[in-house]
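# Examining the three-dimensional arrangement
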Amino acid sequence: MIIDDLRTPIVLAPMAGGPSTPELAAAVSAAGGLGFLAAGYLAAADLADRIVRTRALLSDSARPFGVNLFVPGAPTPREHFAPYLEGLGREFPLGEARFDTDDWDAKLDALVTEPVAVASFTFGCPSAREIARLRSVGTESWVTVTSVGEGRTALEAGADVLIAQGAEAGGHRATFVDRPADDAADPLSTLALLQLLTAATDHPVVATGGLATGAGIAAVLAAGAAAAQLGTAFLNCPEAGTAQLHRDALVIDAPTMLTRAFSGRRARGLRNRFILDHPDAPAAYPEIHYATGPLRKQARADGNADAVNLWAGQTHTLTSAVPAADLVRTLSAETKNALNLALSRTIQDC
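Read on for an overview of the structure. (Residues numbered from 1 in each chain as written. Predicted model: local features only at pLDDT ≥ 70, side-chain atom pairs only at ≥ 80, totals over all residues. Heavy atoms only, no water.)

With respect to burial, helix α2 (residues 22-30) is a largely interior element, seven of its nine residues being buried. Of the residues making up α2, those classed as buried are P22, L24, A25, A26, A27, V28 and S29. The first or second residue beyond α2 is G32, which carries a positive phi of 105°. (Buried < 20%, exposed > 50% of the residue type's maximum accessible area, 1.4 Å probe, protein only. Helix = DSSP H or I, 4+ residues; strand = E, 2+ residues; numbered from the N terminus.)

In structure tokens:
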């Protein structure tokens, strides 16, 4: 299992839409963690190119890294989201509200042609046949889940590792099906979900959501996680492709909230005017994502933080603009210190 061979139990969260770069993935892997490339929104050919570039950046070709794919859903009937887009169109430039599978089949083919250590999945679980196909070329399958039920589904399909995404996490919720009817339910925190999953299975579980310090990593390791996955913590690293507007907003002590306003799927970002003005955005992904693409692009060009998605987890103010490898080493040292401190306190109490 790849996770057992890491020098440090730190995994880079795949952050599609810009922040994910070969440079960032390679830096995390080179420092002893597990770097990830985000394949979301990329064409299969672009993904293949990024895999090659990441390998070239790793001086030690044995250093593992992973690739994350979005599991495709089903088209949303246009009548479910047309009124929302018609309202937006009176104020913002919009693109075509289209459905696609995010080049799913071609990306799986690319991962068979250019195998990586790990393929992780968001928004659902691949089929048992697809997981077996990846396993045949030596690739482990990690599935991101937000509930015990999703975890069971993933393990039944043959997943090697579960990634427990808590409500604190920035970016899109990884729920298999995004149902507005479920919004009233209180989403599980990282620590709560981790405990439920480790009680339900002996498979390794990686914890993600709201982790930004060595103490936070130590906490989930002590609760049974095999590793910690961090995303927002790396957004300000120079290797990340994060837009400057986004970087500037991360250090402001502003609240985050869940919204469908930008993409049609629940995601956690920094609260801004666009989110507040559209609290009832429907569930229609990726149709709304594509439709709002031009308005988000224009907002970035204009430096308008009130009309662009600023995905971030709840601990976003703890980010720092340091090289990714330095951040991994710092977090690793802090984690060891926190675990040693906790152990010494336990021994004293005995």
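Glancing now at the environment of L339. Examined against the element boundaries, L339 turns out to sit in helix α14 (residues 324-349). Residue class for L339 comes out partly exposed when judged on its relative accessible area of 31%. Along the primary structure L339 and I217 are separated by 122 residues, whereas in three dimensions their C-alpha atoms are 9.3 Å apart. Leave out the neighbours within four places in its chain, and L339 touches A218 and L221. (Contact = heavy atoms within 4.5 Å.)

Direction vectors running N to C along helix α3 (residues 44-57) and helix α5 (residues 104-113) enclose 25°, while the axes themselves pass 9 Å from each other. Viewed along their axes, α3 and α5 adopt a mutual orientation that is roughly parallel. Classified by chirality, the crossing of α5 by α3 is right-handed. Between α3 and α5, the contacting residues are A44, L47 and I51 on the first element and A106, K107, A110 and L111 on the second. (Axes fitted to C-alpha atoms, helices over the stretch in contact; angles between N-to-C directions. Parallel < 35°, antiparallel > 145°, perpendicular 65-115°, else oblique. Left-handed = near helix turned anticlockwise from the far one by under 90°.)

Looking now at the side chain of T335. For T335, the location among the structural elements is in helix α14. Exposure remark for T335: the relative accessible area of 6% places this residue in the buried category. A polar contact of 2.7 Å, which involves the side chain of T335, links it to the backbone oxygen of L331. Aside from chain neighbours lying at most four places away, what touches T335 is G214, I217, A218 and L221. (Polar contact = N/O pair within 3.5 Å; in protein donor to acceptor, adjacent residues only side chain to side chain.)

Over its 14 residues, α3 runs 20 Å from end to end, which matches the ideal 20 Å to within 8%, given 1.5 Å per residue. Along α3, the positions that sit buried rather than exposed are A44, L47, I51 and T54. With its buried residues spanning 75° around the axis, α3 presents them on a single face. Facing away from the buried side of α3 by more than 90 degrees, the exposed set consists of A45 and A56. (Expected span 1.5 Å × (residues − 1). Arc of directions from axis to C-beta.)

Time to look at the environment of I3. Relative to the helices and strands, I3 resides in helix α1 (residues 2-5). The buried category is assigned to I3, whose relative accessible area is 8%. On a C-alpha basis, the gap between I3 and P238 in space is 26 Å, while along the polypeptide they are 235 residues apart. Setting aside its immediate chain neighbours within four residues, I3 contacts W142, V206, A226 and A227.

What is shown is where atoms sit, not what they do.
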